[in-house]
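# Per-entry structural report
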Protein chains: 2
Amino acid sequence: MTETRQAEDTRTRILETALDLFHRGSFKGTSINQVVEQAGITKGALFHYFKGKNELGYAVVDECIRSHINETWVEPLATSVDPIADIKAILDHFDEMIAERPEILQLGCPLNNLAQEMSAQDDAFRERLLGLYRIWETALEKAFRAGIEAGSVRSDADPADAAATIVALLEGCIGMIKVNQSREHMSRIDRGLRLFLDFLRP
Amino acid sequence: MTETRQAEDTRTRILETALDLFHRGSFKGTSINQVVEQAGITKGALFHYFKGKNELGYAVVDECIRSHINETWVEPLATSVDPIADIKAILDHFDEMIAERPEILQLGCPLNNLAQEMSAQDDAFRERLLGLYRIWETALEKAFRAGIEAGSVRSDADPADAAATIVALLEGCIGMIKVNQSREHMSRIDRGLRLFLDFLRP
DNA sequence: GACAACATACCAACCGGTCGGTTTCTTCCG
DNA sequence: CGGAAGAAACCGACCGGTTGGTATGTTGTC
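Quick summary incoming for the structure in this document. (Residues numbered from 1 in each chain as written. Chains lettered and ligands numbered in written order. Predicted model: local features only at pLDDT ≥ 70, side-chain atom pairs only at ≥ 80, totals over all residues. Heavy atoms only, no water.)

As a further point, take the pattern of salt bridges. Evaluation of the coordinates by the stated rule reveals 31 salt bridges over all chains. Note that D82 of chain B and R201 of chain B form a salt bridge whose closest N and O atoms lie 3.0 Å from each other. Of this pair, D82 of chain B sits in the loop between α4 (53–77) and α5 (83–100) while R201 of chain B sits in the segment after α9 (183–199), and the two are 119 residues apart along the sequence. Between R194 of chain B and D92 of chain B there is a salt bridge, with its nearest N and O atoms 2.9 Å apart. Placement of the pair is R194 of chain B in helix α9 and D92 of chain B in helix α5, with a sequence separation of 102 residues. Residue R194 of chain B is classed as buried on the basis of its relative accessible area of 17%. Take D92 of chain B: its relative accessible area is 36%, and that puts it in the partly exposed class. What emerges from the salt-bridge pattern is a single network uniting D92, D95, D190 and R194 of chain A. (Salt bridge = Lys/Arg side-chain N within 4 Å of Asp/Glu carboxyl O. Helix = DSSP H or I, 4+ residues; strand = E, 2+ residues; numbered from the N terminus. Buried < 20%, exposed > 50% of the residue type's maximum accessible area, 1.4 Å probe, protein only.)

As structure tokens, then:
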């Protein structure tokens, strides 16, 4: 009846449910019971796979969010020679996603949410989240470096500075949209973001 | 023996303690008992002044944080004709503050912390926090408008767009510093921020 | 029969909030 | 001026519910 490889299935279902609840609410704000209920399992199953709530959180960061960063930022920019155009394409993709599911407008970025909530409280969390930001920034930095070499980015721009600023601006924008919850304010900030990117043109 | 005006004293002590704990931890993460203990009062006193935990949070936003925004952003920019220079001066002031009390490096901005934590969970919170952001952005917008008129800001810049982008970038930067907790990364982001301001020069 | 994969019952600690009561201050009458 | 009356300020024991976590039991598969 049930599959033999149910084991991994249960684990990933717990992880995905936890990510969803952490995203919708927060880490501290969601209880283990909520995860158990929404995942359709029992507490015994959860504690069989994870030592405790924190370990579950770490796994969500290390597995779910990390792969998400890789898919949306690292891979698309890996071979970029025109990062400004490619970053704008990623922004376009976000716009499409929001047009389809407007609810995510108020949920923010899972990485940023967790980082803002936990990095001052738990150093193990902070280090893991910082690791993801480094991966993200490094992908941008490499792309800017390639862009400078290819002539699509102004040569006096510092790739590392630009990468860090883009990440900060992007996370700030997503955060502001979360508070404003208005499409107008989103497009206002979208314009500012693209304006900044254009400043990096030669 | 005790002063006649002890009443207001207790209320403000509760508010300041709550702000401190909400800043250090989070809203949901700090218990009423913690506030009571750190303020050196009792639960009865707290519930005498505030209907509940949420009402306490609202009061912290409406009174403590609002006045802080006014002092650091609205008043200094009220009569500005060179907003770019004046904003940089405010940033310098932040740098000095961080040099004195480096601990605040990892605590972030109280407004942004609360906004990110609560705006998706409680609409009353969101509206109040949004109100503060509007005050902040309006102050910047007016200053940019005055700067354009005075010739200290490029005339093709949209004051409202610039204001919204500055706020987003600033909150994003503070958020990133919270995760990184390194002075180097702070100066890297500081450079990006000032670079963006210079883009707004004529 | 050993072991992973769960399920269930249960726990102490803590949560936000209530409530009856006491103290302290203000007011106003004589 | 004294002193009763009442309101505001404050206390702390207590409540039902929830929290993260555990201990023990059951089940299916090599």
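A few words on the state of the cysteines. As used here, a disulfide is simply a covalent bond connecting the sulfur atoms of two cysteines. Here the structure, examined in full by the defined rule, presents zero disulfides over all chains. We note that C173 of chain A lacks a disulfide partner, and the nearest cysteine sulfur, in C173 of chain B, lies 11 Å from it. No disulfide involves C64 of chain B; its sulfur sits 14 Å from the nearest other cysteine sulfur, which is in C109 of chain B. (Disulfide = S-S within 2.5 Å.)

The next thing to look at is the protein's contact with DNA strand C. Every one of the 20 residues lining DNA strand C counts as a neighbour, but T42 and Y49 of chain A together with I32, K43 and K53 of chain B are closest to it. For DNA strand C, a phosphate oxygen lies 2.8 Å from a polar atom in the backbone of K53 of chain B. Across the surface near DNA strand C, the residue classes tally to six nonpolar, 11 polar and three charged. (Near = heavy atom within 4 Å. Polar contact = N/O pair within 3.5 Å; in protein donor to acceptor, adjacent residues only side chain to side chain. Nonpolar A, V, L, I, M, F, W, Y, C, P; charged D, E, K, R; others polar.)

On to the protein's contact with DNA strand D, then. Looking at DNA strand D, there are 16 residues lining it, with I32, K43 and K53 of chain A together with H48 and Y49 of chain B nearest. Interatomic distance of 2.9 Å between a side-chain N/O atom of H48 of chain B and a phosphate oxygen of DNA strand D. Only α2 (32–39) and α3 (43–49) of chain A together with α1 (6–24) and α3 (43–49) of chain B provide two or more residues apiece to the surface near DNA strand D. For the surface near DNA strand D, the element with the highest residue contribution is α3 of chain B, accounting for four residues. Considered class by class, the residues forming the surface near DNA strand D number five nonpolar, nine polar and two charged.

Another aspect to go through is the side chain of K178 of chain A. Locating K178 of chain A in the fold gives a position in helix α8 (residues 159–180). As a buried residue without a salt bridge, K178 of chain A has its nearest oppositely charged side chain in E117 of chain A, at a separation of 8.5 Å. K178 of chain A has contacts with L105, Q106, L107, G108 and N113 of chain A together with Q116, S119 and R126 of chain B, leaving out every residue within four places of it along the chain. (Lys, Arg positive; Asp, Glu negative; His and termini not counted. Contact = heavy atoms within 4.5 Å.)

Bringing the environment of K28 of chain B into the picture now. When you line up the elements, K28 of chain B lands in the loop between α1 and α2 (32–39). The sequence separation of K28 of chain B and C109 of chain B amounts to 81 residues, and the corresponding C-alpha distance is 17 Å.

Once that is clear, we can look at the relation of the copies chain A and chain B. It takes a turn of 180° to lay chain A on chain B, together with a shift of 0.0 Å along the axis; the resulting RMSD is 0.0 Å. On the angle and the small slide along the axis, the relation comes out as a two-fold axis. For chain A, the smallest separation between a C-alpha atom and the rotation axis is recorded for G172 of chain A, amounting to 1.8 Å. (Least-squares fit on C-alpha atoms with pLDDT ≥ 70 in both.)

Before going further, it helps to spend a moment on unusual backbone geometry. Phi at Q181 of chain A is positive, roughly 55°, even though this residue is not glycine. The topology assignment puts Q181 of chain A in the loop between α8 and α9 (183–199).

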